[in-house]
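Each chain is listed here by its residues.
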Amino acid sequence: MTLGGSGGSGVVVPRNFRLLEELERGEKGIGDGTVSYGMDDGDDIYMRSWTGTIIGPFNTVHEGRIYQLKLFCDKDYPDKPPSVRFHSRINMTCVNPDTGAVDPRKFLVLGNWQRDYTMEYILTQLKKEMTASHNRKLVQPPEGTYF
């Protein structure tokens, strides 16, 4: 996230300010309420470990399922993407079937990361990916199972 005028040079928002913005936005709720996120540990001054939730989209095999994810923002975030891993078992082409890790080579939001992307954007794009023709009808593991 860059702040600046028409002069072409912007001010880079420091990591912790950026994460505080994201925390505030996540706590307020996002859009229709089918995507949410927040910190795992409110005492973590480095704001590294986050939990995300996606409620599966309508007209897919994911409909009504609640998926939990773990996002880890290392010291290089937001210059580099967080690591993203599904805690709930899911069958998607961009998710490692053994670990639940989202593969940046198959999920281009992570693979082509830009500094102005956010955790909210990652989660909404993963939800959108669930509706893609190659994911919307894949057989899913039993609900309530975890990696």
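Residues numbered from 1 in each chain as written. Predicted model: local features only at pLDDT ≥ 70, side-chain atom pairs only at ≥ 80, totals over all residues. Heavy atoms only, no water.

- Naming follows an unreviewed UniProt entry, where the protein chain appears as UBC core domain-containing protein of Ensete ventricosum.
- Here the protein chain is described in UniProt, under the heading Subunit (unreviewed entry), as follows: "Heterodimer with UBC35 or UBC36." (UniProt positions renumbered as here; feature names shortened; annotations may be inferred.)

### A closer look at the environment of Thr93
- Its place among the elements puts Thr93 in the loop between strand E6 (83-86) and helix H2 (108-111).
- Among all residues touching Thr93, those that are not within four sequence positions of it are Lys106, Glu129, His134, Asn135 and Leu138. (Helix = DSSP H or I, 4+ residues; strand = E, 2+ residues; numbered from the N terminus. Contact = heavy atoms within 4.5 Å.)

### Notes on the nonpolar core
- Counting 30 residues, the largest nonpolar core has Trp50, Phe86, Val102, Ile122 and Leu126 as its most contacted members.
- Counting residues per element, this core draws most heavily on helix H3 (residues 119-130), which supplies five residues.
- With residues up to four places along the chain from it excluded, the contact list for Ile122 reads Leu71, Pro82, Val84, Phe107, Val109, Leu110 and Trp113. (Core = buried A, V, L, I, M, F, W, Y, C linked by side-chain atoms within 4.5 Å. Buried < 20%, exposed > 50% of the residue type's maximum accessible area, 1.4 Å probe, protein only.)

### Notes on the packing of aromatic side chains
- One pass over the full model with this rule turns up five aromatic pairs.
- The interplanar angle of 45 degrees and the centroid separation of 6.0 Å between the aromatic rings of Tyr77 and Trp113 together place this pair among those described as tilted. Residue Tyr77 is located in the loop between strand E5 (66-72) and E6, and its partner Trp113 is located in the loop between H2 and H3; the two are separated by 36 residues in the primary sequence.
- Members of the aromatic cluster, connected to one another through ring pairs, are Tyr77, Trp113, Tyr117 and Tyr121. (Phe/Tyr/Trp six-rings, centres within 6.5 Å; stacked < 30°, edge-to-face > 60°.)

### Points about the state of the cysteines
- In the structure shown here, the tally under the stated rule is zero disulfides.
- With no disulfide of its own, Cys73 lies 18 Å from the sulfur of Cys94, the closest cysteine sulfur.
- On the basis of relative accessible area, Cys73 is assigned to the buried category, the value being 0%. (Disulfide = S-S within 2.5 Å.)

### Some words on helix H1 (residues 15-28)
- With 14 residues, H1 extends 20 Å from end C-alpha to end C-alpha; this agrees with the ideal 20 Å at 1.5 Å per step.
- What H1 keeps buried is the set Arg15, Arg18, Leu19, Glu22, Leu23 and Gly26. On an axial view of H1, the arc spanned by its buried residues comes to 140 degrees, and they lie on one face. Exposed side of H1, more than 90 degrees from the buried face: Phe17, Glu27 and Lys28 are the residues found there.
- Buried-residue contacts for H1 involve strand E3 (35-39), strand E4 (49-55) and H3.
- Where H1 terminates, the next one or two residues include Gly29, which has phi positive at roughly 95 degrees. (Expected span 1.5 Å × (residues − 1). Arc of directions from axis to C-beta.)

### A look at the pattern of salt bridges
- This model, assessed by the stated rule, comprises eight salt bridges.
- Salt-bridge contacts for Lys28 lead to Glu24; the nearest nitrogen and oxygen are separated by 3.3 Å. Residue Lys28 and its partner Glu24 are located together in helix H1, separated by four residues, close to a single helical turn.
- Residue Asp32 pairs with Lys127 through a salt bridge whose shortest N-O separation is 3.7 Å. Separated by 95 residues along the polypeptide, Asp32 in the loop between H1 and E3 and Lys127 in helix H3 bring together distant segments of the chain.
- Judged by relative accessible area, Lys127 falls into the buried class, the value being 17%. (Salt bridge = Lys/Arg side-chain N within 4 Å of Asp/Glu carboxyl O.)

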